[in-house]
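Residue-level structure breakdown
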Amino acid sequence: MLQCPKSSVNRLSVHHLLQLSAQFHQVRAKSGRPPFKNRYDNKDDNGDGYTRKRNENQEDRLQLYKSRGQHLLTNPRILDSIVRSSGVGPGETVLEIGPGTGNLTLKLLEVAKKVIAVEVDKRMVEVLNKRVSERGFGDKLTIICEDALKTDFPDFDLVVANIPYGISSPLIAKLVFGGYQFRNATLLLQKEFANRLLANPGDSEFNRLAVNVKLVAEIDHIMNVSKRDFVPIPKVDSSVVKIRLRSEVPNLDLNEWWAFTKTCFGKKNKTLGATFRQKKKVAELLNLSKLTSLDENIEKHDSCNRSDDEEDEWEDSGTGVKSFKEKVVGILRNAGLEDKRPSKLSNEELMHLLSLFNEAGICFHDESRPVDINASFAAS
Ligand code: SAH
């Protein structure tokens, strides 16, 4: 028999979902405790986020899957604030990722010229279609029933969405690096994730994702949203942020930049000197930079048998690794960055360092390998 993680699937009747927006907050305010708690307790999740065959009296129920980030935003006040803060106008087309049952979509349809909704779950699409046609907005809505990470988006002016949190990094990377032109993206994100995106050099949350996104976009905090504004109630709080593409972006090879920031932020609390002294890293860079013809030997020459932190004397044994390491560390030292941590550096300082490396023939991206933007940002 399969063991089931508790409450990874939740069920709501469709009827209930349609009523929830209006009633949820009044009920909760009166009772002083979260309603529906027992309703979401699930006893027959098979552990992969999907549920065994439903029995007869469950036929009209919509199961909500944690694995798909299905937490519906039900507080009408918050939905209104999101739409208002997005600044969507009557002539504009909005892209919404993960419309779910359409709580936000309906609000957007009231003000926008058109909404393009990308939703992976067919059952959600059915509910959405039903609600939208009941309200007479059918002509203004285009639904794309696909995975948002795997489909090209048609033209749009704005993004407004409560997205599935599990795809936040690759989705934001797709929006800001995907060549789309849009006025801004108003996104509801997990609060910790939003804080990382908003962080500046020197902040403890500052990481590679912030570095990369800030290269091409500006990010503003709009408001915090309580976990109690969702059904079912998630474990985490949320924040709304607004992302605007910069009108001017640095003239950089983005693949090279991503690979460089990946190296620098591999262990973001290490100094750059320590990061660039790791034998494995030096050997990798040497291979990439094609400064010797002994690439394979270097790989075999056990970058793996030693720990990353090993600082003992290296046998050069004709591979050039040692002199290459000195060259790399020399660049850092001359730039005054050997003892600096990447999380304290501005994008300008990082760009300067990359240009020094590149000028010395040291590069970070293997041009023969195609870049998968989803994979590059999946773990940020
Ligand atoms: N925006 C709605 C629902 C949010 S729940 C609301 O605020 O109430 C997240 C939604 O994203 C779910 O409907 C889920 O099915 C959908 N989703 C999850 N992964 C997706 C993906 N890769 N592409 C498109 N939609 C996705």
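No experiment lies behind these values; they were computed from the predicted model shown. (Residues numbered from 1 in each chain as written. Predicted model: local features only at pLDDT ≥ 70, side-chain atom pairs only at ≥ 80, totals over all residues.)

1. Examining the nonpolar core
Using the following cut-off: Structurally, a nonpolar core is described as a collection of buried Ala, Val, Leu, Ile, Met, Phe, Trp, Tyr and Cys residues joined by way of C-beta atoms within 7 Å. Counting other C-beta atoms within 10 Å of each residue's C-beta, where C-beta atoms are placed from the backbone, gives the exposure class: buried for 20 or more, exposed for 12 or fewer, partly exposed between. Per the annotation, domain bounds derive from an automatic or database assignment of domains.
Judged by nonpolar contacts, the single largest core of 77 residues is most densely connected at Val 94, Leu 108, Val 115, Val 159, Val 160 and Leu 187. Here this core spans two domains, since at least three of its residues come from each of domain 1 (66-245) and domain 2 (254-376).

2. Some details on the pairing of strand E4 (residues 93-97)
Our working definition: Here a helix means four or more residues in a row that DSSP labels H or I, a strand means two or more in a row labelled E, and each is numbered from the N terminus. Whether two strands pair comes down to DSSP finding at least two bridges between them. Handedness of a crossover is defined as follows: orient the strands so they point away from the viewer, and if the path from the first strand over the helix to the second runs clockwise, the crossover is right-handed.
Of all 5 residues making up E4, 4 are buried, and the element is well covered by its neighbours. Pairing of E4 with strand E5 (residues 114-118), which is carried by 5 bridges, proceeds in the parallel orientation. Considered in E5, the bridge of Glu 96 is made with Ala 117. Since E4 and E5 lie parallel, the crossover through helix H4 (residues 103-111) that links them has a hand, and here it is right-handed. Where E4 lies against strand E7 (residues 158-162), 2 bridges are found, and the strand directions are parallel. Note that in E7 the partner of Val 94 across the bridge is Leu 158.

3. Some words on the site of the ligand
Note the following rule: Near residues are defined by distance alone, with the backbone-placed C-beta atom required to lie within 6 Å of the molecule or strand. As a working rule, the residues Ala, Val, Leu, Ile, Met, Phe, Trp, Tyr, Cys and Pro are called nonpolar, Asp, Glu, Lys and Arg charged, and the rest polar, with Gly in that last group.
Not every one of the 23 residues close to the ligand is listed here, only the nearest: Gly 98, Gly 100, Ala 148, Asn 162 and Pro 164. Mapped by element, the contributors of at least two residues to the shell around the ligand are strand E3 (72-73) and H4. Grouping the constituent residues of the shell around the ligand by class yields 12 nonpolar, 7 polar and 4 charged.

4. Things to note about the confidence of the model for the protein
Inclusion rule: Residue-level confidence of the predictor is summarised by pLDDT, bounded by 0 at the bottom and 100 at the top. Any pair of residues counts as being in contact when their C-beta atoms, constructed from backbone geometry, are within 7 Å of one another.
For the protein, per-residue confidence averages 81 on the pLDDT scale, and residues scoring 70 or more make up 74% of the total. In the predicted structure, residues 21-60 sits below a pLDDT of 50 and forms 47 contacts with residues beyond four places in sequence or in another chain. Contacts of residues 291-312 to residues separated by more than four positions or lying in other chains number 29 contacts, the stretch itself having pLDDT below 50.

5. Let's talk about helix H14 (residues 347-359)
Note on helix geometry: an α-helix contains 3.6 residues per turn, so any two residues three or four positions apart are oriented the same way. The test is simple: For a helix, the expected span equals 1.5 Å multiplied by the number of residues minus one. The directions from the helix axis to the C-beta atoms are what the arc is built from.
For H14, built from 13 residues, the straight-helix expectation of 18 Å at 1.5 Å per residue is met to within 8% by its first-to-last C-alpha distance of 18 Å. Taken residue by residue, H14 has Leu 350, Leu 353, Leu 354 and Phe 357 as its buried positions. The buried residues of H14 occupy an angular sector of 100° when projected down its axis, which confines them to one face. For H14, exposure combined with an orientation more than 90 degrees from the buried face picks out Glu 348, Ser 355 and Glu 359. Contacts from the buried residues of H14 go to helix H8 (208-216), helix H9 (254-264) and helix H13 (321-334). Immediately downstream of H14, the backbone of Gly 361 shows phi near 80°, a positive value.

6. A few points about the sheet that holds E7
This is how the line gets drawn: The convention used is that axes are lines fitted to C-alpha atoms, helices contributing only their stretch in contact, and that angles between N-to-C directions extend from 0 to 180 degrees.
If you walk across this open sheet you meet the 7 strands as E6-E5-E4-E7-E8-E11-E9, and the pairing is mixed. The open sheet terminates on both sides in strands that have one partner only, identified here as strand E6 (141-144) and strand E9 (217-225). On average, each strand axis in the sheet is inclined to that of its neighbour by 20°, with strand direction left out of account. The pairing of strand E8 (residues 184-190) with strand E11 (residues 238-245) spans 6 bridges and is antiparallel. Bridged to Gln 190 within E11 is Ser 238.

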